[in-house]
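Structure assessment
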Amino acid sequence: MGKPEITRKNIILASIKLAKENGPSNVTVREICEEAGISKNTFYLYFHNRDEVFGETYFTDDDEKQRRFPEIMLEYDSPLEQFWELLKIDIERHISFGPKLLATISMQNVQQINFFSDDPSEQPETVKVFTSLVGKMQRMGEIKNMAEPFNIVKAVYNSAIGVDIRWTQLDGGFDFKKESFDLLCTILQPTRPIENY
């Protein structure tokens, strides 16, 4: 990871830390800069405003997924269970944000990020991994849904955003993980139980 990518990530992580402590609406660009150890000019090289930073937090757990992917591949033989284990990283992270910060993140994400460019070179690495795992599930007969793997991944991501928004509107008033799991099962239509719930 080069210096620009590290600086961008540090800005995002500083924003998340401050938003968890003080609430997203109480965080200023000045505070983000102080926490990240950068100038305002540097901040504005990467982001137009504070809210834009929150829209990019969906990608900050990709590093965690890439770090854990070899371990997950070794621990689980099933692509279905590998998929769920990777998805749990997102779920746990979103829960850790809390409803107020996740609401800000979700709204910014819906407004500014396109996960699903038709050009694979423009897709986040995680989307490519999930698409590959869906294809493996189909070939191994682990799921009934035989739609195009990329379209299944789009459906999973879109339903996840729906869970995010609903959870924030109900102020965390339901089991986020169970709701996500149930929707995943509805979309994939597994032919056997997912053991690593």
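Residues numbered from 1 in each chain as written. Predicted model: local features only at pLDDT ≥ 70, side-chain atom pairs only at ≥ 80, totals over all residues. Heavy atoms only, no water.

**Here's the deal with the packing of aromatic side chains**
Cut-off, in case you're wondering: Pairing of aromatic rings covers Phe, Tyr and Trp, the last through its six-membered ring, and needs centres within 6.5 Å; plane angles under 30 degrees mean stacked, over 60 mean edge-to-face, and all others mean tilted. Secondary structure follows DSSP: runs of H or I at least 4 residues long count as helices, runs of E at least 2 residues long count as strands, and numbering of each begins at the N terminus. Remark: exposure states derive from per-residue accessible area (1.4 Å probe, protein chains only) relative to the maximum for the residue type, with buried under 20%, exposed over 50%, and partly exposed in between. By the criterion adopted, a ring carries a charge over it if an Arg CZ or a Lys NZ lies within 6 Å of its centre and within 35 degrees of its normal.
Here the structure, examined in full by the defined rule, presents eight aromatic pairs. An angle of 45° between the planes, with centres 4.5 Å apart, marks the rings of Phe 83 and Phe 130 as tilted. Of this pair, Phe 83 sits in helix 6 (residues 79-112) while Phe 130 is found in helix 7 (residues 125-139), placing the two residues 47 residues apart along the sequence. By relative accessible area, Phe 83 is classed as buried at 1%. Chaining the aromatic ring pairs together yields one cluster made of Phe 43, Tyr 44 and Phe 47. The ring of Phe 47 has Arg 8 sitting right over it, with the charged end atom 4.8 Å from the ring centre. Above the plane of the ring of Tyr 197 lies Lys 177, whose end atom (NZ or CZ) is 4.6 Å from the centre.

**Digging into the side chain of Ser 78**
Keep this limit in mind: Residues adjacent in sequence count toward polar contacts only when both atoms are side-chain atoms; beyond that, a polar contact is any pair of N or O atoms within 3.5 Å, and within protein one must be able to donate a hydrogen and the other to accept it. Contacts are residue-level and defined by heavy atoms, with any inter-residue pair within 4.5 Å sufficient.
Here Ser 78 lies in the loop between helix 5 (62-75) and helix 6. Overall, the relative accessible area of 6% leaves Ser 78 in the buried class. For Ser 78, the side chain forms a polar contact with the side chain of Arg 192, separated by 2.6 Å. Other than its neighbours up to four places away in sequence, Ser 78 contacts Glu 142 and Arg 192.

**Quick word on the environment of Arg 50**
With respect to the helices and strands, Arg 50 occurs in helix 4 (residues 50-55). Distance in space between the C-alpha atoms of Arg 50 and Thr 126 is 25 Å, their sequence separation being 76 residues. Once residues within four sequence positions are removed from consideration, Arg 50 is found in contact with Pro 24, Ser 25, Asn 26, Val 27, Val 29, Ile 32 and Phe 43.

**Re helix 9 (residues 176-188)**
Put simply, the rule is: Under the convention used throughout, the expected extent of a helix is 1.5 Å for every residue step, that is, one less than its residue count. In this description, one arc is meant: the one made by directions from the helix axis to the C-beta atoms.
An ideal rise of 1.5 Å per residue puts 18 Å on 13 residues; helix 9 measures up with 18 Å between its terminal C-alpha atoms. Regarding helix 9, the residues found buried are Phe 176, Ser 180, Phe 181, Leu 184, Ile 187 and Leu 188. One side of helix 9 carries all its buried residues, which in axial view fall inside an arc of 130°. The N-capping residue of helix 9, defined by a side-chain oxygen 3.2 Å from the backbone nitrogen of Lys 177, is Asp 175.

**Overview of the pattern of salt bridges**
In plain terms, the rule: Think of a salt bridge as a Lys or Arg side-chain nitrogen and an Asp or Glu carboxyl oxygen that are within 4 Å of each other.
For the structure shown, the criterion picks out 12 salt bridges. The shortest N-O distance in the salt bridge between Glu 35 and Lys 17 comes to 3.5 Å. Separated by 18 residues along the polypeptide, Glu 35 in helix 2 (residues 29-36) and Lys 17 in helix 1 (residues 3-22) bring together distant segments of the chain. Here Lys 178 makes a salt bridge to Asp 182, at a shortest N to O gap of 2.8 Å. Residue Lys 178 and its partner Asp 182 are both found in helix 9; the two are separated by four residues, about one turn of the helix. The partly exposed category is assigned to Lys 178, whose relative accessible area is 41%. When salt bridges that share partners are traced, they join Arg 68, Glu 71, Glu 85 and Lys 88 into one network.

**As for the nonpolar core**
How we decide: For our purposes a nonpolar core is just a set of buried Ala, Val, Leu, Ile, Met, Phe, Trp, Tyr and Cys residues, chained together by side-chain atoms within 4.5 Å.
Ranked by size, the top nonpolar core spans 49 residues in total, and within it Phe 43, Phe 83, Leu 87, Phe 130 and Met 137 carry the most contacts. Sorting the residues of this core by element identifies helix 1, helix 2, helix 3 (40-46), helix 4, helix 6, helix 7, helix 8 (149-169) and helix 9 as the ones contributing at least two each. Take this core: its biggest share by element is 11 residues, from helix 6. Discounting residues that sit within four places of it in the chain, Leu 87 has contacts with Phe 130, Val 156 and Leu 184.

**As for unusual backbone geometry**
Trans peptide bonds make up the majority, and among non-glycine residues the majority have a negative phi. Although it is not a glycine, Asp 171 sits at a positive phi angle of roughly 50°. Mapped onto the fold, Asp 171 is located in the loop between helix 8 and helix 9. Asp 171 gets classed as exposed once you look at its relative accessible area, which sits at 54%. Positive phi, close to 55°, is recorded for Gln 189, a residue that is not glycine. Structurally, Gln 189 is set in the segment after helix 9. Using a relative accessible area of 35% as the deciding quantity, one classes Gln 189 as partly exposed.

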